Amino acid sequence: MRLLIVEDEARIAEILKGALEKAGFAVDAVSCCADAREALSLNPYDIAILDLGLPDGDGMNLLDELRSQGAAIPILVLTARDAVEDRVGGLDAGADDYLVKPFAMAELIARTKALLRRPGNALGATLSAGNLIFDSIGRDVQVDGHPLSLARREAAILEHLLRRLDRVVPKAVLEEKLYGIDDELESNAIPVHVHHLRRKLADAKATAEIHTVRGIGYLMTEAKS
């Protein structure tokens with residue numbers, strides 16, 4: 001899942017980015033309303049975390065602007081404003097959740113995943129194909145009941161393929177979802193990750209297979225018996 005942080009305090013943004021990447025997200029961070037507008041117009045984010053006290057405007061106005069334009073992206077507001085009227089105002093303006101600073105990182109991650117699990121959003125709890133099961137909350141993979149260790153981006157690719165089981169996932173979509181604006185992306189990065197993932201699934205005797213659709217992307221199917 002690809003996530004945008006809009007936070008002007010560099011140290012907080014850095015901590016958030018590191019923790020959310022560790023939780024399995026591809027994360028971009030911007031520090032003002034103008035950069036947030038540009039990032040949202042150019043990239044297919046699954047969710048945004050929005051601070052309200054930004055240097056070039058109030059995050060609440062940005063939130064209201066996005067909703068008035070029809071943007072449906074889940075938005076979690078992160079702010080030091082803890083008055084009841086502030087929380088109600090944020091929710092009324094279109095925030096999907098509201099978390100007051102200081103906060104526990106575990107709660108932020110849990111709330112983020114909870115928003116993505118809502119009907120119509122990007123995250124479901126358990127995905128499966130054949131004897132392969134993927135827990136998208138705990139990021140755990142099992143094959144025939146046995147744990148399978150995957151690198152972070154291998155797990156992310158597996159999740160996207162499982163969510164679109166029997167449908168082609170374009171390589172460009174995987175690149176957009178797995179890599180942030182500041183990440184270096186080599187042309188063979190996705191094929192290399194898919195190669196490693198395919199090998200691990202085969203070694204574990206998974207009854208789900210990854211097929212390459214040349215020039216387009218990848219397709220996961222259940223193995224035919």
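Throughout what follows, the structure given in this document is the object of discussion. (Residues numbered from 1 in each chain as written. Predicted model: local features only at pLDDT ≥ 70, side-chain atom pairs only at ≥ 80, totals over all residues. Heavy atoms only, no water.)

## Observations regarding the overall build of the chain
A tally of helices and strands in the chain yields 8 helices and 14 strands. A globule of 225 residues ought to have a C-alpha radius of gyration of about 17 Å, and the chain, at 19 Å, matches this closely. Dimensions of the chain, computed from the C-alpha atoms along their principal axes, are close to 60 × 35 × 30 Å. Looking at the chain as a whole, 44% of its 225 residues qualify as buried. Relative to all contacts within the chain whose residues are 6 or more apart in sequence, the contacts with residues 24 or more apart total 59%. (Helix = DSSP H or I, 4+ residues; strand = E, 2+ residues; numbered from the N terminus. Rg over C-alpha atoms; globule rule 2.2 N^0.38 Å. Buried < 20%, exposed > 50% of the residue type's maximum accessible area, 1.4 Å probe, protein only. Contact = heavy atoms within 4.5 Å.)

## Focus: the sheet that holds strand E1 (residues 2–6)
Taken in spatial order, the 5 strands line up as E2-E1-E3-E6-E7 in an open sheet, and their pairing is parallel. Strands with a single pairing partner mark the edges of an open sheet, and in this sheet they are strand E2 (26–30) and strand E7 (97–100). Sheet twist, expressed as the mean angle between neighbouring strand axes with direction ignored, is 20 degrees. Relative to E2, E1 runs parallel, the two sharing 5 bridges. (Pairing = 2+ DSSP bridges. Axes fitted to C-alpha atoms, helices over the stretch in contact; angles between N-to-C directions.)

## Focus: the sheet that holds strand E12 (residues 168–170)
Taken together, 3 strands build an open sheet; the order of strands is E12-E14-E13 and the sheet is antiparallel. Each of the sheet's edge strands pairs with one partner strand only, and the pair in question is E12 and strand E13 (208–213). Strand-to-strand twist of the sheet, defined as the mean angle between neighbouring strand axes without regard to direction, takes the value 25 degrees. Relative to strand E14 (residues 217–222), E13 runs antiparallel, the two being bridged by 6 bridges. Across the sheet, residue alanine 208 finds its bridge partner in E14, namely glutamate 222. Running at roughly 60 degrees to E12, helix H7 (residues 171–178) makes contact with E12 and E14 of the sheet. Each of E13 and E14 touches helix H8 (residues 189–203); the most contacted strand, E13, lies at about 150 degrees to it.

## Regarding the layout of surface pockets
Its boundaries defined by the atoms lining it, the largest pocket holds a volume of some 190 Å³. Of all the secondary structure elements, the ones that give two or more residues to the lining of the largest pocket are strand E10 (140–143) and helix H6 (152–163). (1 Å grid on protein atoms, 1.4 Å probe; cavity = no way out; pocket = protein on both sides within 12 Å on 5 of 7 lines; lining within 4 Å. Points joined across faces, edges and corners; volume = space filled by probe spheres on them.)

## Digging into the environment of valine 30
Structurally, valine 30 is set in strand E2. On the basis of relative accessibility, which here comes to 13%, the residue valine 30 falls in the buried class. For the pair valine 30 and leucine 4, spaced 26 residues apart in the sequence, the C-alpha separation amounts to 7.6 Å. Discounting chain neighbours no more than four positions away, the residues touching valine 30 are Leu4, Ile5, Val6, Glu7, Asp35, Ala36 and Ala39.

## Some points on the state of the cysteines
By the definition in use, this model includes 0 disulfides. For cysteine 32, which is in no disulfide, the shortest distance to another cysteine sulfur is to cysteine 33 and amounts to 7.0 Å. A residue is classified by how much of its surface remains accessible, and cysteine 32, at 13% relative accessible area, is buried. (Disulfide = S-S within 2.5 Å.)

## Digging into the pattern of salt bridges
Applying the stated rule across the entire model yields 14 salt bridges. A salt bridge links arginine 139 to glutamate 159, with the nearest nitrogen and oxygen atoms 2.7 Å apart. Residue arginine 139 is located in the loop between strand E9 (132–135) and E10, and its partner glutamate 159 is located in helix H6; the two are separated by 20 residues in the primary sequence. For arginine 139, a relative accessible area of 21% translates into the label partly exposed. For glutamate 159, a relative accessible area of 1% corresponds to the buried category. With a shortest N-O distance of 4.0 Å, glutamate 175 and lysine 171 are connected by a salt bridge. Note that glutamate 175 and lysine 171 are positioned in helix H7 at a spacing of 4 residues, about one turn of the helix. By relative accessible area, which is 25% here, lysine 171 ends up partly exposed. Salt bridges sharing common partners tie together Glu7, Asp51 and Lys101. (Salt bridge = Lys/Arg side-chain N within 4 Å of Asp/Glu carboxyl O.)

Purely geometric stuff here, so don't read any function into it on its own.
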